[in-house]
Amino acid sequence: MKACGDPGHGGYDPGAIGPTGIHEADVNLAVTLKIGKILQANDVMMSYTRESNDVPWPSNLNADLAQRCKIANDSGADIFFSIHCNSVNSTAKGSEIYTTPGTTQADRLATAINKRMKEAFPNVMYREDWSDSDPDKEANFYVIKNTRMPAVLIELLFISNPAEEAMLISGEYQDKVALAIAKGIGDYLGINIIGSAMHLLVQPVDPQRPKICVGGVIFDGIIVDGSTYAPVRAMAETLGRKVTWDEKTKTVVII
Ligand SMILES: [Zn+2]
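Residues numbered from 1 in each chain as written. Predicted model: local features only at pLDDT ≥ 70, side-chain atom pairs only at ≥ 80, totals over all residues. Heavy atoms only, no water.

### Thoughts on a nonpolar patch on the surface
The grouping of Val232, Trp245, Val252 and Ile254 at the surface amounts to a nonpolar patch, some 340 Å² of accessible area in total. With respect to the element layout, Val252 can be found in strand β12 (residues 251-254). (Patch = residues over 30% accessible without salt bridge, like charges linked within 9 Å, V, L, I, M, F, W, Y side chains within 5 Å. Areas by Shrake-Rupley, 256 points an atom, 1.4 Å probe, with all protein chains shown as cover. Salt bridge = Lys/Arg side-chain N within 4 Å of Asp/Glu carboxyl O. Helix = DSSP H or I, 4+ residues; strand = E, 2+ residues; numbered from the N terminus.)

### Some thoughts on the pairing of strand β6 (residues 151-158)
In terms of residue burial, β6 counts as a mostly covered element, since eight of its eight residues are buried. Here strand β3 (residues 79-86) runs beside β6; their pairing, made up of six bridges, is parallel. For Phe80, the partnering residue across the bridge sits in β6 and is Ala151. One ladder, built from three bridges, connects strand β4 (residues 96-99) with β6; its direction is antiparallel. By the bridge assignment for β6, Ile97 is matched with Ile154. (Buried < 20%, exposed > 50% of the residue type's maximum accessible area, 1.4 Å probe, protein only. Pairing = 2+ DSSP bridges.)

### Some words on the UniProt feature "domain: MurNAc-LAA" (unreviewed entry) in the protein
Here, the residues flagged by UniProt with the feature "domain: MurNAc-LAA" (unreviewed entry) are residues 69-186. Along residues 69-186, the helical share is 42% and the strand share 19%, with 22 Å between the first and last C-alpha atoms. (UniProt positions renumbered as here; feature names shortened; annotations may be inferred.)

### So, the domain arrangement of the protein
When the domains of the protein are assigned, the result is domain 1 (2-189) and domain 2 (205-254). For domain 1 and domain 2, the distance between their C-alpha centroids amounts to 31 Å. (Domains from an automatic or database assignment.)

### Overview of the coordination of the zinc ion
Within the protein, His9 (NE2), Glu24 (OE) and His84 (ND1) serve as the donor atoms for the zinc ion, at 2.1 to 2.2 Å. Each donor residue of the zinc ion belongs to the same chain, with the gaps between them written as H-x14-E-x59-H. Taken together, the positions of Glu24 in helix α1 (residues 24-41) and His84 in strand β3 put the pair 60 residues apart, joining distant regions of the chain. With respect to class, Glu24 is no different from His84; both count as buried. (Donors = N, O, S within 2.8 Å, 3.2 Å for Na, K, Ca; no water.)

### Looking at the sheet that holds β4
Here we have six strands laid out as an open sheet, ordered β2-β1-β3-β6-β4-β5, and mixed in their pairing. Two strands bound the open sheet, and with one partner strand each, they are β2 (45-48) and β5 (137-138). Both β4 and β5 contribute to a ladder of two bridges, which runs parallel. The partner of Thr99 across the bridge, within β5, is Glu138.

### What to know about helix α2 (residues 61-75)
Along its 15 residues, α2 runs 21 Å from first to last C-alpha, staying within 8% of the 21 Å computed at 1.5 Å per residue. Within the span of α2, buried status applies to Asp64, Arg68, Cys69, Ala72, Asn73 and Ser75. Turning to α2, the residues buried within the fold contact β1 (2-7), β2, β3 and α4 (142-145). In this structure Asn60 caps α2, since a side-chain oxygen of it lies 2.9 Å from the backbone nitrogen of Asn62. (Expected span 1.5 Å × (residues − 1). Contact = heavy atoms within 4.5 Å. Polar contact = N/O pair within 3.5 Å; in protein donor to acceptor, adjacent residues only side chain to side chain.)

### Thoughts on unusual backbone geometry
Excluding glycine, residues mostly have negative phi values, and the peptide bonds linking residues are mostly trans. Positioned with a positive phi, Ser133 is a non-glycine residue whose angle comes to about 70 degrees. Mapped onto the elements, Ser133 comes out in the loop between α3 (105-120) and β5. Exposure remark for Ser133: the relative accessible area of 63% places this residue in the exposed category. Of note, Asp225 is a non-glycine position whose phi angle comes to about 50 degrees, a positive value. Among the secondary structure elements, Asp225 is positioned in the loop between β9 (222-224) and β10 (227-229).

### Re the pattern of salt bridges
What the rule picks out here adds up to 11 salt bridges. Linking Asp74 and Lys70 is a salt bridge whose minimum nitrogen-to-oxygen distance equals 2.6 Å. In this pair, Asp74 and Lys70 both sit in helix α2, four residues apart, roughly one turn of the helix. Among the salt bridges present, the one from Arg127 reaches Glu96, with a minimum N-O distance of 2.9 Å. In this pair, Arg127 is assigned in the loop between α3 and β5 and Glu96 in strand β4, connecting sequence segments 31 residues apart. Overall, Arg127 belongs to the partly exposed group, its relative accessible area being 27%. In this structure Glu96 comes out as buried when scored by relative accessible area, which is 3%. Within this structure, Lys115, Arg116, Glu119 and Asp187 form a network of salt bridges that share partners.

If you want it as structure tokens, here you go:
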């Protein structure tokens, strides 16, 4: 399996600029590379439209966008994802995923990523459009219209909102959102994405929200009265056990 990551903007184009001067292009690059590292660690081959702030296209928006699509199409990737941050004003907030209009495989990819992002960040606002029975918004953005594989464009958060700008530049947010997006891509590709041990280490730990690592898969637990509680079905299934629920006796049975 192959994926192509597109960090929006870069080089001559900083993208949107946050209230403290953070460039969208830098956030997009950091998150895209983190997603790529996780996918690569799970045997997904990666290509990128850019891997630094030195862009391989001239300082011209048309050439820029056309070159990104050419890189993606030439790479033979199975999926394409473009990472951006939104910007309107200091109060707008939330996360969006775009596909091109109509029903395509990209809708399934977007839905899988949306689900994983909501699991990872239940308190973020998701700006969804359910008019066609799925959560993605639809627009003919150049890079998703002119790439040949299923393609999504993700607006992580609003860099123009001071609270969301602070999230966007934190390593903890970047690591967690990268893992969520990688897992969504894995769900679409039929690959169970495992977060690396390195990923665990760089993430600051909330003492009430311990991480539980089961065979390389990371689960979120919670501490109640000194005991760690964890999602039993997901953990037991990761260990290859079968889990059933007896409704009458309200009992979880692990076989
Ligand atoms: Zn952008």
